[in-house]
Amino acid sequence: MTQPQPPSTGIAWSRGAFIPAEQASISPFDFGFTRSDVTYDVVHVWDGSFFRLEQHLDRFLASVAALRMVLPVDRDGLREILTGCVSRSGLRDAYVAMVCTRGRPPAGLRDLRRCENQLLAYAVPFVWVSEPAAQVKGVSAIISSIPRIAPESVDPTVKNYHWLDLERSLFEAYDRGADTAILLGPDGNVTEGPGFNVFAVTNGRVATPDRGVLEGITRQTVIDICAERGLPVEVRAISREEFLEADEIFMSTTAGGVMPITRIEGRILGNGAPGAVTMSLREAYWARHRDPRDGTPVTYEESEMPSNGLARQKELIPAG
Ligand SMILES: Cc1ncc(COP(=O)(O)O)c(C=O)c1O
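Residues numbered from 1 in each chain as written. Predicted model: local features only at pLDDT ≥ 70, side-chain atom pairs only at ≥ 80, totals over all residues. Heavy atoms only, no water.

Trainee: Just checking my understanding: could you explain the pairing of strand β1 (residues 11-14) for this structure?
Mentor: What you see with β1 is no split at all: Ile11 and Trp13 on one side and Ala12 and Ser14 on the other are buried throughout. Bridge count between β1 and strand β6 (residues 118-125): three bridges; the pairing is antiparallel. Within β6, the residue paired with Trp13 across the bridge is Ala121. In terms of strand pairing, β1 meets strand β2 (residues 17-20) through four bridges, oriented antiparallel. Bridge pairing in β2 places Ala12 opposite Ile19. (Buried < 20%, exposed > 50% of the residue type's maximum accessible area, 1.4 Å probe, protein only. Helix = DSSP H or I, 4+ residues; strand = E, 2+ residues; numbered from the N terminus. Pairing = 2+ DSSP bridges.)

Trainee: Before we go on, may I ask you to explain the pattern of salt bridges in this structure?
Mentor: Oppositely charged side chains may form a pair once their charged atoms are brought near each other. The full count for this structure, using the stated rule, is 24 salt bridges. Arg176 is the salt-bridge partner of Glu172, the closest N and O atoms lying 3.8 Å from each other. Judged by its relative accessible area of 42%, Arg176 is partly exposed. The closest approach of N and O atoms between Arg176 and Glu265, which form a salt bridge, is 3.1 Å. One end of the pair, Arg176, is in the loop between α5 (164-175) and β8 (180-182); the other, Glu265, is in the loop between β14 (257-264) and β15 (267-268), with 89 residues separating them in the sequence. Look at Glu265 and you get partly exposed, because its relative accessible area is 28%. Three or more residues are tied together by salt bridges with common partners; here these are Arg52, Asp224, Glu228, Arg288, Asp291, Arg293 and Asp294. (Salt bridge = Lys/Arg side-chain N within 4 Å of Asp/Glu carboxyl O.)

Trainee: Sorry, what's going on with the nonpolar core here?
Mentor: Buried together is how nonpolar side chains tend to be arranged in soluble globular proteins. Phe50, Phe60, Leu78, Leu82, Val86 and Val96 are the most contacted members of the largest nonpolar core, which totals 25 residues. Broken down by secondary-structure element, the contributors of at least two residues to this core are β3 (38-46), α2 (53-66), α3 (75-89), β5 (94-101) and β6. Per-element accounting of this core gives the leading share, five residues, to α3. Beyond its immediate sequence surroundings of up to four residues, Phe60 is in contact with Thr39, Tyr40, Asp41, Leu71, Leu78, Met98, Val99, Cys100 and Leu119. Formed by 20 residues, the second largest nonpolar core is a distinct cluster that contains Ile182, Val198, Ala207 and Ala246. (Core = buried A, V, L, I, M, F, W, Y, C linked by side-chain atoms within 4.5 Å. Contact = heavy atoms within 4.5 Å.)

Trainee: Would you take a moment to explain the layout of surface pockets for this structure?
Mentor: Regions of empty space are outlined by a rolling probe, equal in size to a water molecule, passed over the atoms. Within this model, the largest pocket holds a volume of roughly 640 Å³. Lining the largest pocket are 37 residues, with Trp163, Pro194, Gly195, Phe196 and Thr253 positioned closest to its centre. Mapped onto the lining of the largest pocket, the elements with two or more residues apiece are β3, α5, β9 (192-193), β10 (196-202), α6 (217-229) and β13 (248-253). Residue-level mapping places the lining of the largest pocket at the junction of two domains, with at least three residues from each of domain 1 (11-127 + 297-314) and domain 2 (132-274). (1 Å grid on protein atoms, 1.4 Å probe; cavity = no way out; pocket = protein on both sides within 12 Å on 5 of 7 lines; lining within 4 Å. Points joined across faces, edges and corners; volume = space filled by probe spheres on them. Domains from an automatic or database assignment.)

Trainee: Quick question: what am I supposed to make of the site of the ligand here?
Mentor: Around the ligand sit 16 residues, and of these Lys159, Glu192, Ile217, Thr218 and Thr254 come closest. Ile217 places a main-chain nitrogen or oxygen 2.8 Å from an oxygen atom of the ligand. Between the ligand and the protein, one listed contact pairs an oxygen atom with a side-chain N or O atom of Thr218 at 2.6 Å. Across the complex, the protein chains shield 93% of the 390 Å² of accessible surface that the ligand would expose by itself. Applying the majority rule of atoms within 2 Å of the grid points places the ligand in the largest pocket. Classifying every residue of the shell around the ligand by side-chain character gives five nonpolar, eight polar and three charged. (Near = heavy atom within 4 Å. Polar contact = N/O pair within 3.5 Å; in protein donor to acceptor, adjacent residues only side chain to side chain. Areas by Shrake-Rupley, 256 points an atom, 1.4 Å probe, with all protein chains shown as cover. Sits in = over half its atoms within 2 Å of the grid points. Nonpolar A, V, L, I, M, F, W, Y, C, P; charged D, E, K, R; others polar.)

Trainee: So what exactly am I meant to see when it comes to the domain arrangement of the protein chain here?
Mentor: It is common to give the size of an interface as the accessible area that goes away when the parts come together. For the protein chain, the assigned domains read domain 1 (11-127 + 297-314) and domain 2 (132-274). The interface of domain 1 with domain 2 comprises 20 residues on the first partner and 18 residues on the second. Taken together, the two surfaces of domain 1 and domain 2 that pack against each other cover about 1600 Å², and 59% of this comes from carbon and sulfur. Looking at the side of domain 1 facing domain 2, the largest losses of area belong to Tyr40, Arg52 and Arg59, adding up to 40% of the total buried there. Counting every contact that joins domain 1 to domain 2 gives one salt bridge. We note a salt bridge from Arg52 to Asp224, for which the minimum N-O separation is 3.0 Å. (Buried area = accessible area lost by both parts, 1.4 Å probe.)

Trainee: Help me understand α2 in this model?
Mentor: Structurally, the α-helix is built with 3.6 residues per turn, so residues lying three or four positions apart point the same way. With 14 residues, α2 extends 20 Å from end C-alpha to end C-alpha; this agrees with the ideal 20 Å at 1.5 Å per step. Of the positions making up α2, those classed as buried are Leu53, His56, Leu57, Arg59, Phe60, Ser63 and Val64. The buried residues of α2 occupy an angular sector of 165° when the element is viewed end-on, so they sit on one face. (Expected span 1.5 Å × (residues − 1). Arc of directions from axis to C-beta.)

Trainee: What exactly am I supposed to notice about unusual backbone geometry here?
Mentor: The general pattern is negative phi for most residues beyond glycine and trans for most peptide bonds. Even without a glycine there, the phi angle at Arg15 is positive, about 50°. Topologically, Arg15 is positioned in the loop between β1 and β2. Positive phi values are uncommon outside glycine, yet Glu265 reaches one of about 50°.

Trainee: Sorry if this is basic, but what is going on with empty space enclosed by the protein here?
Mentor: This model, assessed by the stated rule, comprises one cavity of 30 Å³ or more. Put simply, the largest cavity is a space of about 30 Å³. Of the residues contributing to the lining of the largest cavity, the split by class is three nonpolar, two polar and one charged.

Trainee: What is the right way to look at the sheet that holds β6 in this model?
Mentor: Each strand in a sheet pairs with its neighbour through backbone hydrogen bonds, running either in the same direction (parallel) or in the opposite one (antiparallel). Strand order across the open sheet formed by seven strands is β2-β1-β6-β5-β3-β4-β16, with antiparallel pairing between neighbours. Bordering the open sheet on either side are β2 and β16 (295-297), each of which pairs with just one other strand. Sheet twist, expressed as the average angle between the axes of neighbouring strands with direction ignored, equals 25°. Where α2 meets the sheet, it contacts β3, β4 (49-51), β5, β6 and β16, and its direction lies at approximately 175° from that of β3. (Axes fitted to C-alpha atoms, helices over the stretch in contact; angles between N-to-C directions.)

Structure below.
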């Protein structure tokens, strides 16, 4: 009789080999660690298919180039590594990261141009910014007193690990009894939150901030869905006041999709339940996972996959 397998904890591609995810490592002398001189991207796999993989590759390769780094593999090689991590992990629903660090210069030198850039990738069980059970109720957020780092200093369109402003805002949210935080930019307008973009819906019009944000792939998916449905959608500056007075607010991220915010700064939106526009966009977002335009199926090495414990959470996600 075959023994039940333990849930998969994931596979990494680290230092040129596929290994268990927990064994992945970078050098403590890598500038990616000591200086946060690193860029990354996260794509997800849902029901055995990557979602919008090519868009994530585009963004990652643009970020690598913007930081004047060079990957040890080309786009096809990178796609193969990511697929290799997922197929070997057996995970049908996965959080798949690709990370490029500056590396380190030759001993005794500090010349950034002489660093050998390092690529790390891994597939681990799907990660939620907000779990499905919380999503159907809606989450609570504050507007943080900590401003988002200026886009002129750290370009937010290059996905990065400069997270201390985001993390400080999260502790502020916990201290104020909220789940998460949204940060204003140095100009006082709304930007984004720890790991997600934001949208406001007012009088049936959908809007998301135009600057000071990562150009999220989920944000773009929402924009595409709105355009296809003839729902007015605007990418523009949103002031704190406008945001706080919106009919509906929601977050968008690879790590959970479209997620309603039902309380902001203590104000209850609508009747305290997720809004109709948000929930229909959430449903459309998950339905997009069945659209062959957006999916890249993974061929797995084994046909029998160990469970990763996601089944109960997935019951709360629209089947599409
Ligand atoms: C700061 C920040 N903004 C927005 C997002 C959402 O981007 P995406 O939809 O591509 O996951 C993320 C995702 O991790 C993020 O870290």
